[in-house]
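Next come the chains, spelled out residue by residue.
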Amino acid sequence: MRVLHTVSGIWKSTGGPAEVIPMLCQHLCHLGDTVSIATLDGDLSDAALSAERRGVAVHRFKSTIKRRPWYSRSMHRGLGDLIQKSDIVHGNGMWEYTNWHTARETHRWNKPYVVSFHGSIMHTSNNWGLRHQLVWSLLDGRYVRRAQCLHACTTAELSCIREAGLKNPVAVVPNGIELWPTVPADEIAVVLPEFTGMKTVLFLSRIHPSKGVFELVRAWSAIGEPITDWQLVIAGPGFTEHIAQLKSSIKGSARPASIRYIGPLYGKRRIAAFQACNLFVCPSKTENFGVVVGEALASGKPVIATRQVPWPELVSHKCGWLIPDSVDGIAKSLVETMQLSDEERIDMGERGRHLIMAKYTWPKVADMMHGTYEWILGGGFAPVWVHTV
């Protein structure tokens, strides 16, 4: 099967999609598919470079407009040829030129088309501003309705798809989580000296208001009794203005000495951070999946997440907490968790790791997506994870 994925960017700065799209493509290759990615050139993520080394053809197109909607003259000329040579086309995201041109060329060459939203549909039409409503009515909405199948990572995203009035079949397939090798303690001390000597609460995501990082800093300041053997480490990329705002918030907090912003983490430093922390926190205000939650669980760490993060297994598998999206809610859960014994937190982390191994490994996820493609191309009964009504 010849599969083409298209996406505006799989750069280090683009967060979760830059990891999950190449990983899915890499594991589809393991199943015998011939897989390509068409994307705009840039500082590709570690996952993208790894996928390329392992057989995924990454076609880079130079950007003509280097900001949204990321127009590319070379993609305009070259994408159609890639689509013509593919059996199925899988578009990723909305609101950008790559998505619109993919849909047009797929329709032109009469190729089956799948769309993954990666959170771009989570704010439904009732909450879209005038610009998004206009673009939806003229472009994205028209193109998405033509797709043979849509992809949702969670049932929450499926609900948003239906609320937007879309009646296409929807494959509910989670993102996969990579099971990393253990980084030895002496190596962690070298690559992450910031973690030495203190118990650590880790936040690792984009530095953006929607990720709840500013509420997290205020919650840390609101903790009544000083917890002298704990620190809060914040890591992730972001726009200059958001990073400046974060640094100002830390400086003005009640305990600036116990909060560290260490910038973005990639490669071994990222893996080491998950393995070296004692607790992971995801106070996001909206998520379609939350890859970092799965990565923390796979690393054997308990997780605090807001109820906007679609990981109900944190509660059902007793490996974390779902909390209110508020400063008080974050502060209360931090205190309760840090007061647990080390053994209790380790037990919770082990339950989380078993959950990931049972349900979220990449071979399982890739097999589901491959099965979805086969159903689209061959017909017959829909897989159990495909919702046709």
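A brief look at the structure comes next. None of the values given here were measured: they were computed from a predicted structure.

**Details of the pattern of salt bridges**
Step number 1: Under the counting rule described, the total for this entry stands at 14 salt bridges.
Step number 2: Here Glu215 makes a salt bridge to Lys285, at a shortest N to O gap of 2.8 Å. Of the two residues, Glu215 is situated in helix H8 (residues 213-222) and Lys285 in the loop between strand S11 (279-282) and helix H11 (291-298); the sequence distance between them amounts to 70 residues.
Step number 3: Residue class for Glu215 comes out buried when judged on its relative accessible area of 14%.
Step number 4: Residues Asp342 and Arg345 are paired through a salt bridge, measuring 2.4 Å at the closest nitrogen-oxygen approach. Residue Asp342 and its partner Arg345 are both found in helix H14 (residues 342-359); the two are separated by three residues, about one turn of the helix.
Step number 5: Relative accessible area serves as the criterion here: at 3%, Arg345 is assigned to the buried category.

**Describing the state of the cysteines**
Step number 1: Across all of its chains, the model carries zero disulfides by this definition.
Step number 2: Cys153 takes part in no disulfide bond, and the closest cysteine sulfur, belonging to Cys160, lies 12 Å away.
Step number 3: Assessed through its relative accessible area of 7%, Cys153 is described here as buried.
Step number 4: Its relative accessible area of 11% is what places Cys160 among the buried residues.

**A few points about the sheet that holds strand S10 (residues 259-261)**
Step number 1: Here we have six strands laid out as an open sheet, ordered S10-S9-S8-S11-S12-S13, and parallel in their pairing. For this open sheet the edge positions go to S10 and strand S13 (320-323), each flanked by a neighbour on one side alone. Strand after strand, the sheet turns through a mean of 20° between neighbouring axes, direction not considered.
Step number 2: Across two bridges, strand S8 (residues 199-204) lies against S11 in parallel orientation. The partner of Val201 across the bridge, within S11, is Leu279.
Step number 3: Packed onto the sheet, helix H10 (residues 267-276) meets S8 and S11 and runs at close to 130° relative to S8.

**Comments concerning the pairing of strand S3 (residues 57-61)**
Successive side chains on a regular strand alternate, one facing one side of the sheet and the next facing the other.
Step number 1: Where strand S2 (residues 34-40) meets S3, five bridges bridge the pair, whose relative direction is parallel. In the strand pairing of S3, Ile37 is matched with Val58.
Step number 2: Handedness of the crossover is the feature at issue here: the chain leaves S2, passes through helix H2 (residues 46-53), returns alongside S3, and the resulting connection is right-handed.

**Things to note about a negative patch on the surface**
Step number 1: A cluster of acidic residues, Glu343, Glu344, Asp347 and Glu350, forms a negative patch at the surface.
Step number 2: For Glu343, the position within the fold is in helix H14.
Step number 3: Looking at Glu343, the relative accessible area reads 53%, which means it is exposed.

**Focus: the sheet that holds strand S14 (residues 386-387)**
Step number 1: Within the open sheet, the eight strands sit side by side as S3-S2-S1-S4-S5-S6-S7-S14. Their pairing is mixed. Since the sheet does not close on itself, it has two edges, and those belong to S3 and S14, each with one partner.
Step number 2: Contacting strand S1 (2-6), S2 and strand S4 (88-92), helix H1 (residues 17-30) runs over the sheet at an angle of about 160° to S2.

**Some details on the packing of H11 against H14**
Step number 1: Between H11 and H14, the shortest axis-to-axis distance is 7 Å and the interhelical angle comes to 115°. Here H14 runs roughly perpendicular to H11, going by the angle between their axes. Contact residues: H11 offers Gly294, Leu297 and Ala298, while H14 offers Gly349, Gly352, Arg353, Leu355 and Ile356.
Step number 2: A breakdown of the residues in the contact of H11 with H14 according to their chemical character gives four nonpolar, three polar and one charged.

**So, helix H6 (residues 155-163)**
Step number 1: Residues of H6 that are buried: Glu157, Leu158, Cys160 and Ile161. Around the axis of H6, the buried residues are gathered within 160° of arc, so they sit on the same side. For H6, exposure combined with an orientation more than 90 degrees from the buried face picks out Thr155 and Glu163.
Step number 2: Each element contacted by the buried residues of H6 is listed here: strand S6 (149-152), strand S7 (170-172) and S14.
Step number 3: Gly165, located one to two residues past H6, shows a positive phi value of around 85°.

**Thoughts on the side chain of Thr337**
Step number 1: For Thr337, the location among the structural elements is in helix H13 (residues 327-338).
Step number 2: Setting aside anything within four residues of it in sequence, one finds Thr337 in contact with Leu279, Ile304, Trp321 and Arg345.

**Focus: the environment of Trp70**
Step number 1: By the element assignment, Trp70 lies in the loop between S3 and helix H3 (73-84).
Step number 2: Exposure remark for Trp70: the relative accessible area of 19% places this residue in the buried category.
Step number 3: Separated by 299 residues in sequence, Trp70 and Met369 place their C-alpha atoms 28 Å apart.
Step number 4: Discounting residues that sit within four places of it in the chain, Trp70 has contacts with Ser8, Trp11, Leu40, Ser63, Ile65, Glu96 and Tyr97.

**Regarding the packing of aromatic side chains**
Step number 1: Counting across every chain of the model gives five aromatic pairs.
Step number 2: Geometrically, the ring pair formed by Phe274 and Phe280 is tilted, given 5.4 Å between the ring centres and 35° between the ring planes.
Step number 3: Measuring from ring centre to ring centre gives 4.9 Å for Trp311 and Tyr360, while their planes differ by 40°; the resulting arrangement is tilted. Remark: Tyr360 occurs in the loop between H14 and helix H15 (362-378) and Trp311 occurs in the loop between strand S12 (303-306) and helix H12 (313-316); sequence separation between them is 49 residues. For the residue pair Trp311 and Tyr360, the accessibility class agrees, reading buried in each case.
Step number 4: Members of the aromatic cluster, connected to one another through ring pairs, are Trp180, Phe274 and Phe280.

About the thresholds
- Residues numbered from 1 in each chain as written.
- Predicted model: local features only at pLDDT ≥ 70, side-chain atom pairs only at ≥ 80, totals over all residues.
- Heavy atoms only, no water.
- Salt bridge = Lys/Arg side-chain N within 4 Å of Asp/Glu carboxyl O.
- Helix = DSSP H or I, 4+ residues; strand = E, 2+ residues; numbered from the N terminus.
- Buried < 20%, exposed > 50% of the residue type's maximum accessible area, 1.4 Å probe, protein only.
- Disulfide = S-S within 2.5 Å.
- Pairing = 2+ DSSP bridges.
- Axes fitted to C-alpha atoms, helices over the stretch in contact; angles between N-to-C directions.
- Contact = heavy atoms within 4.5 Å.
- Right-handed = clockwise from strand over helix to strand, strands pointing away.
- Patch = residues over 30% accessible without salt bridge, like charges linked within 9 Å, V, L, I, M, F, W, Y side chains within 5 Å.
- Areas by Shrake-Rupley, 256 points an atom, 1.4 Å probe, with all protein chains shown as cover.
- Lys, Arg positive; Asp, Glu negative; His and termini not counted.
- Charge placed at Lys NZ, Arg CZ, Asp CG, Glu CD.
- Parallel < 35°, antiparallel > 145°, perpendicular 65-115°, else oblique.
- Nonpolar A, V, L, I, M, F, W, Y, C, P; charged D, E, K, R; others polar.
- Arc of directions from axis to C-beta.
- Phe/Tyr/Trp six-rings, centres within 6.5 Å; stacked < 30°, edge-to-face > 60°.

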